[in-house]
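Here are the chains, one letter per residue:
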Amino acid sequence: MIFMGDKFPTQEHLKKKQNYKDIPRAGLITNPGSSMLNKTGTWKAFRPVFDAGKCINCMICYSVCPEEAVIVKDGKVSGVNLDYCKGCGICANECPVKAYEMKEESEFKK
Amino acid sequence: MDTIQVSKSMRPMTGAQAVAEAMRQINPDVVAMYPITPQTPIIETFAKIVADGRASTEIIRVESEHSAMSATVGAAAAGARAMTATAANGLALMDEIVYIAASMRLPIVMPIANRALSGPINIHCDHSDTMNVRDSGWIQIYSETAQEAYEQMFLALKLAEHKDVLLPAMVCQDGFVTSHGVENVKIHDDETMKKFIGEYKPEYALLDVDNPVTYGPLQLQDYYFETKKQQVDAMKNAKRIFLEIGKELSQITGHDYGYFEKYEMDDAEAVLIAMNSTAGNIKAVVDKMRKEGKKVGMMKLRLFRPFPYEEIAEALKDVPVVGVFDRAESFGARPPLYGEIRNALFDLDKKPDMQSFVFGLGGRDIFSHQIEDAFNMLLDGKMTDETKYIGCRGC
């Protein structure tokens, strides 16, 4: 059993699922901020492919993305953080200049 | 005429008042309150104690039992010693959070004045309310008298807070019969009881800002099962530690806290098993029938969750006939206590004959002659495969 001061979960714990005696009781999370370790990007079936050439930096995609996965640098959209993008396609749907194309995730796993 | 010795610490009290007195001595940090008959005098008495400055508890007046248990869970997760009390439909309304309290491993203690669940609506005693949450993961301790209800509050608290247990506990007494009936109750010394329960130091507390934790996160196919297995182990520990803490409490009170009390069972040819106040009625009948030369005995079950299967089997292995008194029904199945006892006896090479009785639903009185009839049915070997409904017209 993990005791006070021990942190759960860490990157180490995510590599292999732990036995019931090796986790804190009651599902307690004792490592603050560890939700960042959970890469929800693996859930997506479609991936937004960004074309910087078409983008007019209107920031609509940035404001509507439910996961804050649109990356903005120096006032310009530079792409999508695929670790957290869940592939909902709202960015592609809302983009006024069609700068995003949703492609099946399987195309990238060949 | 014999002189009755009344100690200064003996006071005439109802079961509800006795439990409130235990709460005064425990002085919990938080108590969430919502009234429901026949539990109300517990919180009413305790609220007066707090208003009079005799306990420093923060009282939260909530708008339902669902909120009462939610507030208690929140306070316990924050690191407080937290309590509430309820009965019947109040417990049913809490149900969702009752399970959450157990799965969050919060050592909440909740006195219960057992009352029939609606419907039809009824305010009187049976055990359908606590039987409804018997699989919730709470420890359940049953009390024959106000004295037991009072003392078992301390046993429950210390057991719930034990580091190898960390489970919530209900201390049950019969609604009206015990909760409103006045008995002489011996109140133990404040300092002794305070020392017995000790200071509560939660390992994880939401108010411990230097060590932030998340209580109650999502667990899906990946970890939910493992967390449930932890609860299974905690219940196993609770069974063992119950006896250890019971022995410690015996040193103070002089009373025994076994899983069950054996009354005239040594050479008994027929034994009745019951919980809560009816055990007292059965004892009186045992005394009468023993005087007439009939070898009858009684087992009063104190700990229903975790259930002491092996110990019950051992205690009943030489008893020819066992009758089980359930004050609750399990529709379409065998009554809850009978089912457990039958389960416990399965491993015996020589199994006792059994008879199921259901009595007292909705507060229907049970009389000595009916208990005597039940004993005679067992002694005469007239057991049946069907449950016998004592006192139900037409049965």
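Everything below is about the structure printed above this text.
Residues numbered from 1 in each chain as written. Chains lettered and ligands numbered in written order. Predicted model: local features only at pLDDT ≥ 70, side-chain atom pairs only at ≥ 80, totals over all residues. Heavy atoms only, no water.

Enquirer: How do you make sense of the overall build of chain B when you look at a structure like this?
Expert: For chain B, the count of helices and strands is twelve helices and 15 strands. For chain B, the C-alpha radius of gyration of 21 Å lies close to 21 Å, the compact-globule estimate for 395 residues. Here chain B, with 395 residues, has 57% of them falling under the buried criterion. The contacts in chain B between residues at least 6 apart in sequence include a share of 79% that link residues at least 24 apart. A total accessible area of about 17,200 Å² is found for chain B, and carbon and sulfur atoms account for 51% of it. Charge separation in chain B, taken as the distance between the mean sites of 42 positive and 56 negative side-chain charges, equals 3 Å. (Helix = DSSP H or I, 4+ residues; strand = E, 2+ residues; numbered from the N terminus. Rg over C-alpha atoms; globule rule 2.2 N^0.38 Å. Buried < 20%, exposed > 50% of the residue type's maximum accessible area, 1.4 Å probe, protein only. Contact = heavy atoms within 4.5 Å. Areas by Shrake-Rupley, 256 points an atom, 1.4 Å probe, with all protein chains shown as cover. Lys, Arg positive; Asp, Glu negative; His and termini not counted. Charge placed at Lys NZ, Arg CZ, Asp CG, Glu CD.)

Enquirer: Which parts of the structure should I look at to understand the packing of helix α3 (residues 65-78) of chain B against helix α4 (residues 88-103) of chain B?
Expert: What describes two packed helices is the angle between their axes and the distance between those same axes. All names here are of chain B. Running from N to C, α3 and α4 cross one another at 25°; their axes reach a closest spacing of 7 Å. What the angle tells us is that α3 and α4 run roughly parallel. In this structure, α3 crosses over α4, and the sense of that crossing is right-handed. Taking contact as the criterion, the partners of E65, H66, A68, M69, S70 and V73 in α3 are, on α4, G90, L93, M94, E96, I97, V98 and A101. (Axes fitted to C-alpha atoms, helices over the stretch in contact; angles between N-to-C directions. Parallel < 35°, antiparallel > 145°, perpendicular 65-115°, else oblique. Left-handed = near helix turned anticlockwise from the far one by under 90°.)

Enquirer: Any chance you could explain the nonpolar core here in plain terms?
Expert: Residue and element names in this part refer to chain B. Counting 108 residues, the largest nonpolar core has M69, I139, L316 and I341 as the members making the most contacts within it. Per element, the largest residue contribution to this core is ten residues, and it comes from helix α6 (residues 146-161). When sequence neighbours within four positions are dropped, the list of residues in contact with I139 reads L159, V165, L167, P168, A169, M170, M235, A238, L303, R305 and P306. Counting residues in each nonpolar core, the second largest holds 21 residues, with F325, I366, I371 and A374 among its members. (Core = buried A, V, L, I, M, F, W, Y, C linked by side-chain atoms within 4.5 Å.)

Enquirer: Is there a simple way to explain the interface of chain B and chain A in this structure?
Expert: Facing 21 residues of chain B, the contacting portion of chain A comprises 21 residues. Summing both sides of the interface, chain B and chain A together bury roughly 1,900 Å²; the carbon and sulfur share of this comes to 60%. When the buried area of chain B at its contact with chain A is split by residue, Y204(B), Y223(B) and Q230(B) rank highest and sum to 34% of it. The interface formed by chain B and chain A includes one salt bridge. The partner of R25(A) in a salt bridge is E203(B), and the shortest N-O contact between them spans 2.8 Å. On inspection of chain B and its partner chain A, the count reaches nine residue pairs in polar contact (both at pLDDT 80 or more). Residues belonging to the side of chain B that touches chain A are distributed by class as follows: eight nonpolar, six polar and seven charged. (Buried area = accessible area lost by both parts, 1.4 Å probe. Salt bridge = Lys/Arg side-chain N within 4 Å of Asp/Glu carboxyl O. Polar contact = N/O pair within 3.5 Å; in protein donor to acceptor, adjacent residues only side chain to side chain. Nonpolar A, V, L, I, M, F, W, Y, C, P; charged D, E, K, R; others polar.)

Enquirer: Any chance you could explain the packing of helix α9 (residues 278-291) of chain B against helix α12 (residues 368-379) of chain B here in plain terms?
Expert: All names here are of chain B. At a minimum axis separation of 9 Å, α9 and α12 run at an interaxial angle of 60°. The angle between α9 and α12 places the two elements in the oblique class. The hand of the α9/α12 crossing is right-handed. Contacts between α9 and α12 involve N281, I282, V285, V286, K288 and M289 on the former and, on the latter, S368, I371, E372, F375, N376 and L379.

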